[in-house]
Amino acid sequence: MQAEQEDRFQEFVRARWSHLVRTAYLLTGDAHHAEDLTQTALAKAYRSWRRVARADNPEAYVRRMLVSCNSDRFRKRRVAEALTAAPPEVAGRDAGYAGVDERGPLLGALAQLPPKQRAVVVMRYWEDLSEAEVADVLGCSVGTVKSQASKGLAKLRTFPGLSRVAEGQGGSR
């Protein structure tokens, strides 16, 4: 990669890293998976940065990669995790996660949605993308976005911990 392209990529990563990790966190529900997912998507973006940079909206292009990489996690064979008697040391938390962690009931409810509904709800209502933008990111029709959003919101409304938030008694967003 030429030095100019390298600089543009690094500038993009510095400007959008926390936003992409936050989106990945909402897709995965786990801070470590979110960082891994973001790194994977950015590694793919780096390899094809010339094409990504030429896109009308490079962030949307990388966000699409993020969603695709998240879907790939479910297609690949899972690596067994070894449980230990004592948990490892807890690393310090990034301040960017603080606001998300306070939304425990929402994260629990999002985790119960199927991956496609979860992606639609996160992109549409958390990222505040239009239906057409979500359809473009997910590679589906606007009608699919509408139906998945409707089904996802209907399922979210059944979670008791979310009723206070919906009535305006909970936190923001």
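Our structure's up above, just so we're on the same page.
## Section: the overall build of the protein chain
Tallying secondary structure elements over the protein chain gives 10 helices and zero strands in all. The order of α-helices and β-strands along the protein chain, N terminus first, is α-α-α-α-α-α-α-α-α-α. For the protein chain, restricting intrachain contacts to residue pairs at least 6 apart in sequence, the fraction spanning at least 24 positions comes to 66%. About 10700 Å² of surface is accessible on the protein chain, with carbon and sulfur atoms providing 50% of the total.

## Some remarks on the packing of helix H8 (residues 131–138) against helix H9 (residues 142–156)
Packing of H8 against H9 leaves a shortest axis separation of 8 Å and a crossing angle of 100°. For the element pair H8 / H9, the angle class is roughly perpendicular. Note on element contacts: H9 touches H8 through Val142, Val145 and Lys146, opposite Glu131, Ala132, Val134 and Ala135. By residue class, the composition of the contact of H8 with H9 is five nonpolar, no polar and two charged.

## Examining the environment of serine 71
Turning to its location among the elements, serine 71 is positioned in helix H4 (residues 58–75). The partly exposed category is assigned to serine 71, whose relative accessible area is 28%.

## Regarding the side chain of glutamine 148
Structurally, glutamine 148 can be placed in helix H9. Here glutamine 148 is in contact with Lys116, Gln117 and Val120, once residues within four sequence places are set aside.

Procedures and definitions
- Residues numbered from 1 in each chain as written.
- Predicted model: local features only at pLDDT ≥ 70, side-chain atom pairs only at ≥ 80, totals over all residues.
- Heavy atoms only, no water.
- Helix = DSSP H or I, 4+ residues; strand = E, 2+ residues; numbered from the N terminus.
- Contact = heavy atoms within 4.5 Å.
- Areas by Shrake-Rupley, 256 points an atom, 1.4 Å probe, with all protein chains shown as cover.
- Axes fitted to C-alpha atoms, helices over the stretch in contact; angles between N-to-C directions.
- Parallel < 35°, antiparallel > 145°, perpendicular 65-115°, else oblique.
- Nonpolar A, V, L, I, M, F, W, Y, C, P; charged D, E, K, R; others polar.
- Buried < 20%, exposed > 50% of the residue type's maximum accessible area, 1.4 Å probe, protein only.

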